[in-house]
Protein chains: 2
Amino acid sequence: MLHVLTDREWSRGRDMLSVATAALDGGATIIQLRDKTASTRVLIEEGLALRALTRERGALLIVNGRVDVALAIEADGVHVGQDDMPAALARRLLGPHRILGVSAATMEEAEVAVAGGADYLGVGPIFPTRGKADAGPATGVQLLTELARRYATPLVKVCLASLAPR
Amino acid sequence: MLHVLTDREWSRGRDMLSVATAALDGGATIIQLRDKTASTRVLIEEGLALRALTRERGALLIVNGRVDVALAIEADGVHVGQDDMPAALARRLLGPHRILGVSAATMEEAEVAVAGGADYLGVGPIFPTRGKADAGPATGVQLLTELARRYATPLVKVCLASLAPR
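Quick look at the structure, then. Given the structure is predicted, the values throughout are model-derived calculations rather than measurements.

Thoughts on the interface of chain A and chain B
How big an interface is tends to be reported as the loss of accessible area on association of its parts.
Part 1 of the argument: Chain A puts 20 residues into the contact, and the matching count from chain B is 20 residues.
Part 2 of the argument: Both faces considered, chain A and chain B share a buried interface measuring about 1700 Å² in area, 58% of it formed by carbon and sulfur atoms.
Part 3 of the argument: Here chain A is connected to chain B by 4 salt bridges.
Part 4 of the argument: Connecting chain A to chain B are 13 residue pairs in polar contact (both at pLDDT 80 or more).
Part 5 of the argument: Mapped by element, the contributors of at least two residues to the side of chain A that touches chain B are helix H2 (40-57), helix H3 (67-72) and helix H4 (87-94) of chain A.
Part 6 of the argument: Looking at which element gives the most residues to the side of chain A that touches chain B, the answer is H3 of chain A, with 5 residues.
Part 7 of the argument: For the side of chain A that touches chain B, a count of residues per class yields 9 nonpolar, 4 polar and 7 charged.

Pasting the structure below:
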């Protein structure tokens, strides 16, 4: 499963649909819409275009941070960080069937997220990264090991990190 | 009916609850939560505190711009601008009973908003204002006159403007 984030800051001027199409051509099965600088109006326009594309290609569409945008464009789910809506509130608005992902950097954040109804956790960065300005310090592999021990259910681990240690 | 907007930029360091309490003491019947710099997490914390206060005081609570925050804190409604979610989508997420306000600066924007399910329009600024950086140019009284002629149903006109012409 390859989960690709679209992000204006990373796209070097290419439009979001071209980036997403290239990702799908390359094997992505989940596209995450992430645009922290766009207005809600623009985010919805981008989201509706991505929704049509991902439906056509049989891929999932996840919206970063915005539960209202996810509902408005009928996305498959939402990914929230620790500065976004708490997991339990997001789950209540999304209903039981949409996917809820939560970023967690500590065991406590992971426990709150799972108790609140998270379907998967975004854990990381595992190794130091320069690709995501707000990623925070690398948490190392220890948290992943602890999570795997704690939770019997499979948790998809999205590792926002460079692929090799610095 | 006195509709007061809380806004970090206008509050000169006083916390939002103090500002809202003073507004309610002064006769406000609607409080609008507006904080474009806060994270969603902080906005929800502020919103839950304002929800408790407005319930206690019998006032309405409207959230500016964010349909998800309004649903999460069980606000009475949402006010959206032209860069926020389109009125028709907001109405679909809010259901039939919550209040939907829409900012409109032209007759075309007003028509789209009313067709999309707006309960009231924010029209203005009627006169030039320096109180709201993103308010746009003053539309004058002409639009108000046209709207009053067009729509038989009463539309509350929220005039984000200084009270006197420059």
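Back to the write-up after that little detour.
Side note on the environment of proline 86 of chain B
Part 1 of the argument: Within the secondary structure, proline 86 of chain B is located in the loop between strand S4 (77-80) and helix H4 (87-94).
Part 2 of the argument: Assessed through its relative accessible area of 24%, proline 86 of chain B is described here as partly exposed.
Part 3 of the argument: For the pair proline 86 of chain B and valine 102 of chain B, spaced 16 residues apart in sequence, the C-alpha to C-alpha distance is 8.9 Å.
Part 4 of the argument: Those residues within four positions of proline 86 of chain B in sequence are excluded, and the remaining contacts are Arg41 and Ile44 of chain A.

Brief notes about the relation of the copies chain A and chain B
Part 1 of the argument: For the pair chain A and chain B, the best superposition has an RMSD of 0.0 Å and corresponds to a rotation of 180° with a translation of 0.0 Å parallel to the axis. Taken together, the rotation angle and the small translation identify this as a two-fold axis. Residue aspartate 68 of chain A, judged by its C-alpha, is the member of chain A lying nearest the rotation axis, at 2.4 Å.
Part 2 of the argument: In this assembly, 100% of the residues forming the interface of chain A have copies in chain B that are likewise at the interface, indicating an isologous arrangement.

Digging into the pattern of salt bridges
Part 1 of the argument: Enumeration according to the criterion identifies 16 salt bridges over all chains in this entry.
Part 2 of the argument: Note that arginine 57 of chain A and aspartate 25 of chain A form a salt bridge whose closest N and O atoms lie 2.7 Å from each other. Taken together, the residues span a long stretch of sequence, with arginine 57 of chain A in helix H2 and aspartate 25 of chain A in helix H1 (residues 16-25) at a distance of 32 residues.
Part 3 of the argument: Overall, arginine 57 of chain A belongs to the partly exposed group, its relative accessible area being 35%.
Part 4 of the argument: Take aspartate 25 of chain A: its relative accessible area is 57%, and that puts it in the exposed class.
Part 5 of the argument: Here arginine 66 of chain B makes a salt bridge to aspartate 68 of chain A, at a shortest N to O gap of 3.9 Å. Highlighted residues: arginine 66 of chain B in the loop between strand S3 (60-64) and helix H3 (67-72) and aspartate 68 of chain A in helix H3, drawn from two different chains. No difference in accessibility class separates arginine 66 of chain B from aspartate 68 of chain A, as the two residues are buried.

Rules behind the numbers
Residues numbered from 1 in each chain as written. Chains lettered and ligands numbered in written order. Predicted model: local features only at pLDDT ≥ 70, side-chain atom pairs only at ≥ 80, totals over all residues. Heavy atoms only, no water. Contact = heavy atoms within 4.5 Å. Buried area = accessible area lost by both parts, 1.4 Å probe. Salt bridge = Lys/Arg side-chain N within 4 Å of Asp/Glu carboxyl O. Polar contact = N/O pair within 3.5 Å; in protein donor to acceptor, adjacent residues only side chain to side chain. Helix = DSSP H or I, 4+ residues; strand = E, 2+ residues; numbered from the N terminus. Nonpolar A, V, L, I, M, F, W, Y, C, P; charged D, E, K, R; others polar. Buried < 20%, exposed > 50% of the residue type's maximum accessible area, 1.4 Å probe, protein only. Least-squares fit on C-alpha atoms with pLDDT ≥ 70 in both.

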